[in-house]
Amino acid sequence: MDFIWGTMLMAGTSVVMIVYNWRLALVVLCVVPLLFGVSVFFRKRILRTSRLVRKTNSKLTASYNEGIVGVRTSKVFVREAENLGDFDRLADEMRSHSIQNAVLSAVYLPLVLTLASVAIALSLAWGGHQVAVYGLWVGEVVMFMYYAQLFFQPVQEMSAWFAELQMAQASAERVLSLVEAVPDVRDTEDVAKRLRETGEDGHPDRMDHIEFEKVGFRYRTGPTILDGFSLSVDPGQIIALVGATGGGKSTLVNLLCRFYEPTEGRILIDGIAYRDRSLLWLQSNLGIVLQQPHLFSGTIGENIRYGKLDAAQEEIEDAAELAGAHDFIAELENGYDTFVGEGGNQLSLG
Ligand SMILES: Nc1ncnc2c1ncn2[C@@H]1O[C@H](COP(=O)(O)OP(=O)(O)O)[C@@H](O)[C@H]1O
Ligand SMILES: [Mg+2]
């Protein structure tokens, strides 16, 4: 609103000034390119420091968060002093960027005000000269000074939120870069089309036979992890993968769940390459217990229900029974309604 109103006011006053006395109008308007130049100069720098402030701020919050989550480890290894040092360094960085940003914003507004005053002063000087030498009307000079003031009013108002706008842009860039990130692993065009048209991916809703067919894999960085790996899994079969740390066992699970896709070869489910099926179908049909279990803040019951929101209470208790957890849960004062705390920190994870 301010911007539209401001531009219209500036355009209107310029037209009136030019029509009335174009020489005097040019004297007033000659600072406009300068004003433009100053704004471009400051915009670049304020935006740059705003980006640094946002970036350092997220590093600082991450460090703060890690400090709290990893407090036991830090204490055991007597790392308090080092952690504090790291935090201090980040806080110093944050302060220096913030001050830079604040100084730039603080210099910009007075500079704009000065330029506007210079323009008004120029119109007085030039107009006064014309009054003295060419007998220009004093009233006309006063009118011009009034118009010049009117012309710079929106400029001043806009420059007041100019710096804030740069900070908002820096923040928006960070948020949007996350919101607009496209996942590497997503349904193929064909599958997405079938899902849109029929609501299904066009294959039977069964998962019996799993086959790794000459699967090769490497993460985006680093060496080849799997090379020509083949495995055929029949229904009901129990398989244990045993090997050294870093051998690629978890990677196999990542591939099966399609958190990553093979860089060579294929994974087939009942003879159909899993890239030809929907991610939703695949992941709904797999149950995995991760290396690092995560409990969400809420009750024990809600955490067990996490994968099947409409599960009845008996189903939850059956599941707990199967996992050998029912007895200890039943002994808790609030049973399945016991709050586990954020990250499950009020509960034995085991
Ligand atoms: N996200 C990742 N990006 C890059 N390399 C990874 C990633 N995850 C694991 N790795 C590397 O892949 C190799 C196999 O890891 P992993 O499958 O976790 O081994 P295991 O579970 O058998 O101990 C390791 O060398 C590990 O450093
Ligand atoms: Mg592992």
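Residues numbered from 1 in each chain as written. Chains lettered and ligands numbered in written order. Predicted model: local features only at pLDDT ≥ 70, side-chain atom pairs only at ≥ 80, totals over all residues. Heavy atoms only, no water.

Peer 1: So, the pairing of strand β2 (residues 224–233): which residues are in play, and what are the values?
Peer 2: Pairing geometry for strand β1 (residues 210–218) and β2, over 6 bridges, is antiparallel. Within β2, the position partnered with Arg218 by the bridge is Thr224. Here β1 folds back onto β2 in antiparallel fashion, the turn holding 5 residues, of which Gly222 has a positive phi close to 100°. (Pairing = 2+ DSSP bridges. Helix = DSSP H or I, 4+ residues; strand = E, 2+ residues; numbered from the N terminus.)

Peer 1: So, the nonpolar core: which residues are in play, and what are the values?
Peer 2: If you look at the biggest cluster of nonpolar residues, it comprises 29 residues, and the most contacted ones within it are Met17, Phe42 and Phe152. Considering every element that reaches this core, the biggest residue donor is helix α6 (residues 138–160), with 8 residues. Apart from residues lying up to four places away in sequence, Phe152 is in contact with Val28, Val31, Leu35, Ala116 and Ala119. (Core = buried A, V, L, I, M, F, W, Y, C linked by side-chain atoms within 4.5 Å. Buried < 20%, exposed > 50% of the residue type's maximum accessible area, 1.4 Å probe, protein only. Contact = heavy atoms within 4.5 Å.)

Peer 1: Now, about the pattern of salt bridges: what can you tell me, with residues and values included?
Peer 2: Taken as a whole, this structure holds 14 salt bridges when the rule is applied. Measuring nitrogen to oxygen at the nearest pair gives 2.2 Å for the salt bridge that ties Arg220 to Asp184. Of the two residues, Arg220 is situated in the loop between β1 and β2 and Asp184 in the loop between α7 (162–179) and α8 (189–198); the sequence distance between them amounts to 36 residues. In this structure Arg220 comes out as exposed when scored by relative accessible area, which is 73%. Judged by relative accessible area, which is 57%, Asp184 ranks as exposed. With a closest N to O distance of 3.0 Å, Asp276 and Arg194 form a salt bridge. On the criterion of sequence distance, the pair formed by Asp276 in the loop between β4 (272–273) and α10 (279–284) and Arg194 in helix α8 is long-range, its members being 82 residues apart. (Salt bridge = Lys/Arg side-chain N within 4 Å of Asp/Glu carboxyl O.)

Peer 1: Could you give me a rundown of the layout of surface pockets, with the residues and numbers involved?
Peer 2: One number sums up the size of the largest pocket: a volume of about 1,500 Å³. For the largest pocket, the lining is made up of 37 residues, of which Ile288, Val289, Leu295, Asn303 and Ile304 are closest to its centre. Secondary-structure elements contributing two or more residues to the lining of the largest pocket are α10, α11 (300–304), α12 (313–322) and α13 (326–331). A per-element tally of the lining of the largest pocket places α12 first, with 5 residues. Both domain 2 (195–284) and domain 3 (300–344) contribute no fewer than three residues apiece to the lining of the largest pocket. (1 Å grid on protein atoms, 1.4 Å probe; cavity = no way out; pocket = protein on both sides within 12 Å on 5 of 7 lines; lining within 4 Å. Points joined across faces, edges and corners; volume = space filled by probe spheres on them. Domains from an automatic or database assignment.)

Peer 1: Quick one: what's the story with the site of ligand 1, residue by residue and with numbers?
Peer 2: Every residue near ligand 1 is listed here: Tyr219, Ile225, Ala244, Thr245, Gly246, Gly247, Gly248, Lys249, Ser250, Thr251 and Tyr260. Within the side chain of Tyr219, an N or O atom sits 3.5 Å from a nitrogen atom of ligand 1. Thr251 places a side-chain nitrogen or oxygen 2.4 Å from an oxygen atom of ligand 1. Notes on ligand 1: free accessible area 560 Å², of which the protein chains cover 60%. Taken together, the residues of the shell around ligand 1 break down into 4 nonpolar, 6 polar and 1 charged. (Near = heavy atom within 4 Å. Polar contact = N/O pair within 3.5 Å; in protein donor to acceptor, adjacent residues only side chain to side chain. Areas by Shrake-Rupley, 256 points an atom, 1.4 Å probe, with all protein chains shown as cover. Nonpolar A, V, L, I, M, F, W, Y, C, P; charged D, E, K, R; others polar.)

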